[in-house]
Amino acid sequence: NNKIRVALAGNPNVGKTTLFNAITGSRQHVGNWPGVTVEKKSGTKIYKGYEIEIIDLPGTYSLTAYSMDEIVARDFIIEEKPDIVIQIVDASNLERNLYLTTQLMELQTEMIIALNMCDLALERGDKLYLDKMEEILAAPVVKTVASRNIGIEELLDKVIEEKNNEQYHGHEIGYGDEIEGMILEIEKVLIADQELADRYPLRWISIRLLEGDMNVMEKISKSPASVAINDLLDSIDQEEYEADIADKRYETINAIFPQLCTRCNVKLSKSD
Ligand code: GDP
Ligand code: MG
Ligand code: K
């Protein structure tokens with residue numbers, strides 16, 4: 001099978017469209033996502049005998065259900081199951097971009113990180129530890145400067161490599177004993193519905209349910225498991241879980257970030 005479906009995800013303004021254009025050139029199709037007025041861009045690239053379809057997802061900071069963009073982006077990943085998701089990360093703004101990284105990880109998708117804007121990070125004197133990044137984020141990392149066509153072939157080579165690599169190295173945030181215990185309980189109820197379990201990453205569904213995600217609630221509403229899930233959620237202080245889960249995410253990112261880069265040349269402004 002020489003077809004590969006790749007989705008581009010990323011925060012707004014990280015160079016997603018620039019990268020999309022650099023890969024697909026004029027082979028683009030612009031339309032709308034079904035049922036909503038969010039623009040959908042896709043294109044194909046023939047590369048080393050592969051037909052690589054690229055889908056430009058809406059730019060988002062997170063993958064909650066607060067905006068249509070976020071729902072479109074995450075639904076594409078969990079419902080359409082592209083072979084690979086490339087997260088385009090702004091290397092000069094790494095910490096902020098890591099939040100989306102942790103969200104994508106929970107979708108248990110095959111992921112590659114395109115570390116874009118490397119020129120800006122370099123100019124500023126940042127040091128980026130790629131090996132550490134690949135290890136901690138459990139995903140291949142490729143440096144790119146999309147606006148100058150740098151790193152595009154390396155990225156496509158990595159896409160082909162990942163497609164042909166059977167192994168999946170997932171990584172996820174641990175939320176601590178209490179929350180993990182509750183995630184397990186929800187997973188145990190959900191797994192009774194085999195169809196649901198085959199379709200969605202249950203850990204992600206469980207976390208989102210704990211966070212009160214109505215859109216995910218709707219996804220499981222027709223499942224025989226939904227009654228037991230509602231009872232379970234009624235029995236806990238959901239808002240507390242939601243807040244604790246968010247805290248844990250930021251805690252994890254704060255612990256990860258200093259291991260991935262150091263800023264060597266912080267320019268002090270006059271007011272400092
Ligand atoms: P999107 O919102 O993620 O689609 O971002 P765009 O592709 O529209 O890019 C935002 C801006 O960043 C544009 O002005 C691009 O030319 C610029 N840009 C994209 N990639 C790079 C890069 O690697 N380095 C630099 N310096 N600028 C870039
Ligand atoms: Mg764009
Ligand atoms: K793989």
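Residues numbered from 1 in each chain as written. Chains lettered and ligands numbered in written order. Predicted model: local features only at pLDDT ≥ 70, side-chain atom pairs only at ≥ 80, totals over all residues. Heavy atoms only, no water.

## A short note on the packing of aromatic side chains
Centre-to-centre distance and the angle between the planes together describe a pair of aromatic rings.
Next up, step 1: Counted according to the given criterion, the structure contains two aromatic pairs.
Next up, step 2: Between Trp 33 and Phe 76 the ring centres are 5.5 Å apart and the planes differ by 70°, which places this aromatic pair in the edge-to-face class. Of the two residues, Trp 33 is situated in the loop between β2 (28–32) and β3 (39–47) and Phe 76 in helix α2 (residues 68–80); the sequence distance between them amounts to 43 residues. Taken individually, Trp 33 and Phe 76 each receive the classification buried, so the pair is uniform in this respect.
Next up, step 3: On the numbers, 5.1 Å between centres and 20° between planes, the contact of Tyr 99 with Tyr 250 is stacked. Of the two residues, Tyr 99 is situated in helix α3 (residues 94–106) and Tyr 250 in helix α12 (residues 238–260); the sequence distance between them amounts to 151 residues.
Next up, step 4: The exposure class assigned to Tyr 99 is buried, which follows from its relative accessible area of 14%.
Next up, step 5: By relative accessible area, Tyr 250 is classed as partly exposed at 46%.
Next up, step 6: The ring centre of Trp 33 lies 4.7 Å from the NZ or CZ of Lys 40, which sits over that ring. (Phe/Tyr/Trp six-rings, centres within 6.5 Å; stacked < 30°, edge-to-face > 60°. Helix = DSSP H or I, 4+ residues; strand = E, 2+ residues; numbered from the N terminus. Buried < 20%, exposed > 50% of the residue type's maximum accessible area, 1.4 Å probe, protein only. Lys NZ or Arg CZ within 6 Å of the ring centre and 35° of its normal.)

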